[in-house]
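Spelled out, the chains give:
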Amino acid sequence: MGLGMEGAEMNSNESFWKKYIFSTDHKMIGKQYLWLGIFFLLFGGFQAMLIRWQLAYPEQPVPWWLFGFLFEADGGIISPDVYNQLFTMHGTIMIFWAITPILISAFGNFVIPLQIGARDMAFPTLNMLSFWTMFLASVVLLLSYVIPDGVASGGWTSYPPLSLKEGGIAGEGQTLWTLALVFAGTSTMMGAINFVITVIRLRAPGMTYFRMPLTVWGLWLTSILNAIFVPVIAAGLIMLLLDRTLGTQFFLAGRLAAGGGGDPLLFQHVFWIFGHPEVYILILPAWGIVSDLLSVFSRKPAFGYKVTAICMSTIVVLSTLVWGHHMYTTGMSPLLGKSFMFLTLLISIPSSIFFFNWLGTMWRGSLHFDPPMLYSMGVIWVFALGGLTGLYNATVTADIYLHDTMFVVGHFHYTMAASVLFGGFAAISFWFPKLFGRMLNDLSSKIHFWGTFITLNLVFFNMMALGYAGHHRRIYNPSEYEFLRPLMDTNQFISIAAFILGAFQILYLINIVWSLYKGKKAEKNPWKANTLEWSVDFPVPHGNFQTIPTVYHGPHEYSNPKTADDWTPQSVEIK
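This one's a predicted model, so the numbers in the text were calculated from it and none came from an experiment.

Q: Teacher, can you tell me more about the overall build of the protein here?
A: The secondary structure content of the protein amounts to 15 helices and zero strands. Against the compact-globule benchmark of 25 Å for 575 residues, the protein has a radius of gyration of 24 Å, which places it among compact chains. Buried residues in the protein amount to 59% of all 575 residues. Summarising the internal contacts of the protein: among those between residues at least 6 apart in sequence, 79% fall at separations of at least 24. Put simply, the protein shows about 23100 Å² of open surface, and 68% of that area lies on carbon and sulfur atoms. Across the protein, 30 positive and 30 negative side-chain charges occur, with their mean positions spaced 12 Å apart.

Here is the structure:
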């Protein structure tokens, strides 16, 4: 019974440092993660703009509006080494320092205790330590930008031998990259343990598993995957770190021929045993959020609620068995490749089921096109394109041609960047009133949605078209290849769309900052939603609830003919 009670009663004389910096309140920790993630989202997005400049206008001076002065040492152009560093750090930052802090850590921290009726996380002090471990990881990563040899440049996967000193990358930026990811993984494991135990142990009376919001389902299943698979990649990264610093030979090429045990292919297995569950680690929270928000703004129960939760759980299990589809071109046995292909195609069945459940939720609903709804509908579109194009990468024969082309880049960004980005925007828009007590500007949010939706599709769909035409990724100067020269106009079109896409994100940032100070003050429950977080006033005190609520029904009781209103809070009994 003592779990989660630490710090439940907030001392009115609590110091600034205890309240805002080293806080054990899950809501404040969620905000800390949110600001950290937004900073790195902008940083990683800026690097994407530089990548697109180089691909569209290779070896031309970077303009002032892309901070061209940063490249004065190389005559104003992006050098091949810097280009390698850009796509390495862009991928690393977006996955581990932007998506993970915003969707998992920020909203996981903020909504899980509130939505299950708990006073705090199971282990508040561990929760605080998880953020500061992530902060330490961020400092180590940023330090690599100021050392003479530059940042990591082995790709976000950093396969050996490229990521090793022997015949690979001698600079210490790669070492700091590896160390930073070990710290980030440690932070993630702390959070995962906290989330899993909190959901199992601290649910309010009546809050059965099948009365939990699907947001909590997504975050909980994500945390289970994190707890199982982050230690796997952490072990691989520690071995890589030892190879770089102490001269061990876990992944050193040529060791098998010399009678030793080192093998660079081992790292690929270790990486993707974590790396493919990581795809679902990142997108499960977005799936859960979208499932709930579609119900709220369609004013009807989520279609197939239990089936959706079961499908998400099934995907979690199957995601542990499909990593080999990333390695079809490594010389894998055809029989083993067929097994991975079958399992990967199998995972599309539960994905398709809850996708159609989303459509079922909206069908004949009373649709309210508020910004959270628009972003949620955006997830449906981009996830459909990402999921369908993934079937080609899952199939051995098609993947051999498409592997390591821009088709994979487009598919990956549709599935990860676009789906998760819109899921994050939906979450920020929906919970902004409960986070900060104010509403985001409605018109600005809608302009941002349509500007982002249109330009994002122009960018990523055309990337897949380039890949189908044979354009490989990670090429420094496509114009050097005769067969790619006819595609340069498409590259330029993609880059122009990407620059416009980036400009719309600045608009969203301005909206957030303006709304924090000048936005309309929010009502207690502006969306007329049923879940427990909307039953408490802003600001939500440390400890959340004066008395722990009792839950009488599921999270989607909308348009129930037995009630006077079209919505019924979970803590109100329907008679």
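Q: Can you help me understand a nonpolar patch on the surface in this one?
A: A cluster of nonpolar side chains, contributed by Phe39, Phe135, Val139, Leu142, Leu143, Tyr145 and Val146, occupies part of the molecular surface with about 600 Å² of accessible area. Sorting elements by how many residues they give to the nonpolar patch places helix α4 (residues 124-143) first, with four residues. Here Leu142 shows up in helix α4.

Q: What exactly am I supposed to notice about unusual backbone geometry here?
A: Of note, the bond from Pro160 into Pro161 is cis; its omega dihedral lies within 30 degrees of zero at 5 degrees. You can see Pro161 is positioned in the loop between α4 and α5 (172-201). The residue after Phe538, namely Pro539, is reached through a cis peptide bond having omega -5 degrees. Within the element layout of this structure, Pro539 appears in the segment after α15 (488-518).

Q: How should the confidence of the model for the protein be read in this particular structure?
A: Caution applies to low-pLDDT regions: their predicted coordinates should not be interpreted in detail. Scored by pLDDT, the protein comes out at a mean of 91, with 96% of its residues at no less than 70. The model gives residues 1-12 a pLDDT under 50, and that stretch makes 18 contacts with residues more than four places away or in other chains.

Q: Even after reading the chapter, I still don't get helix α9 (residues 334-346), so can you show me in this structure?
A: Residues that lie three or four places apart on an α-helix share one face, since the helix turns once every 3.6 residues. In this model α9 runs 18 Å from its N-terminal to its C-terminal C-alpha over 13 residues, within 8% of the 18 Å that 1.5 Å per residue would give. Turning to α9, its buried residues number three or more, namely Gly337, Phe340, Leu343 and Thr344. Each buried residue of α9 lies within a common arc of 130 degrees when the element is viewed along its axis, so the set occupies one face. Away from its buried face by more than 90 degrees, α9 exposes Pro334, Leu335, Lys338 and Phe342. Looking at the buried residues of α9, the elements they touch are α10 (348-362), α11 (371-394) and α12 (396-402).

Q: Explanation requested: the environment of Asp489 in the structure shown.
A: Assignment of secondary structure puts Asp489 in helix α15. What makes Asp489 exposed here is its relative accessible area of 60%. For the pair Asp489 and Ala56, spaced 433 residues apart in sequence, the C-alpha to C-alpha distance is 7.9 Å.

Q: Help me out: how do you make sense of the nonpolar core in this one?
A: For soluble globular proteins, the rule of thumb is that nonpolar side chains tend to be buried together. One finds Trp97, Trp287, Trp358 and Trp431 to be the most contacted residues of the largest nonpolar core, which totals 169 residues. Setting aside anything within four residues of it in sequence, one finds Trp431 in contact with Phe107, Phe110, Val111, Gln115, Thr215, Ile289, Glu533 and Trp534.

Q: Any chance you could explain the packing of helix α3 (residues 80-116) against helix α13 (residues 406-436) here in plain terms?
A: Contact pair α3 / α13: the axes reach a minimum separation of 11 Å and the direction vectors enclose 35 degrees. The two elements α3 and α13 cross, and the hand of that crossing is left-handed. Contacts from His90, Ile95, Ile99, Leu103, Phe107, Phe110, Val111 and Gln115 of α3 reach α13 at Phe412, His413, Val420, Gly423, Gly424, Ala427, Ile428, Trp431, Lys434 and Leu435. The residue makeup of the contact of α3 with α13, split by class, is twelve nonpolar, five polar and one charged.

Q: Just checking my understanding: could you explain α10 for this structure?
A: Compared with an ideal rise of 1.5 Å per residue, which puts 15 residues at 21 Å, α10 spans 22 Å between its outermost C-alpha atoms and is within 8% of the ideal. Along α10, the residues classified as buried are Pro350, Ser351, Phe354, Phe355, Asn357, Trp358, Gly360, Thr361 and Met362. Close packing links the buried residues of α10 with α7 (264-298), α8 (305-318), α9 and α11. Once α10 finishes, Arg364 follows within two positions and takes phi at roughly 60 degrees, a positive value.

Definitions and limits used
Residues numbered from 1 in each chain as written. Predicted model: local features only at pLDDT ≥ 70, side-chain atom pairs only at ≥ 80, totals over all residues. Heavy atoms only, no water. Helix = DSSP H or I, 4+ residues; strand = E, 2+ residues; numbered from the N terminus. Rg over C-alpha atoms; globule rule 2.2 N^0.38 Å. Buried < 20%, exposed > 50% of the residue type's maximum accessible area, 1.4 Å probe, protein only. Contact = heavy atoms within 4.5 Å. Areas by Shrake-Rupley, 256 points an atom, 1.4 Å probe, with all protein chains shown as cover. Lys, Arg positive; Asp, Glu negative; His and termini not counted. Charge placed at Lys NZ, Arg CZ, Asp CG, Glu CD. Patch = residues over 30% accessible without salt bridge, like charges linked within 9 Å, V, L, I, M, F, W, Y side chains within 5 Å. Salt bridge = Lys/Arg side-chain N within 4 Å of Asp/Glu carboxyl O. pLDDT = per-residue confidence, 0-100. Expected span 1.5 Å × (residues − 1). Arc of directions from axis to C-beta. Core = buried A, V, L, I, M, F, W, Y, C linked by side-chain atoms within 4.5 Å. Axes fitted to C-alpha atoms, helices over the stretch in contact; angles between N-to-C directions. Left-handed = near helix turned anticlockwise from the far one by under 90°. Nonpolar A, V, L, I, M, F, W, Y, C, P; charged D, E, K, R; others polar.

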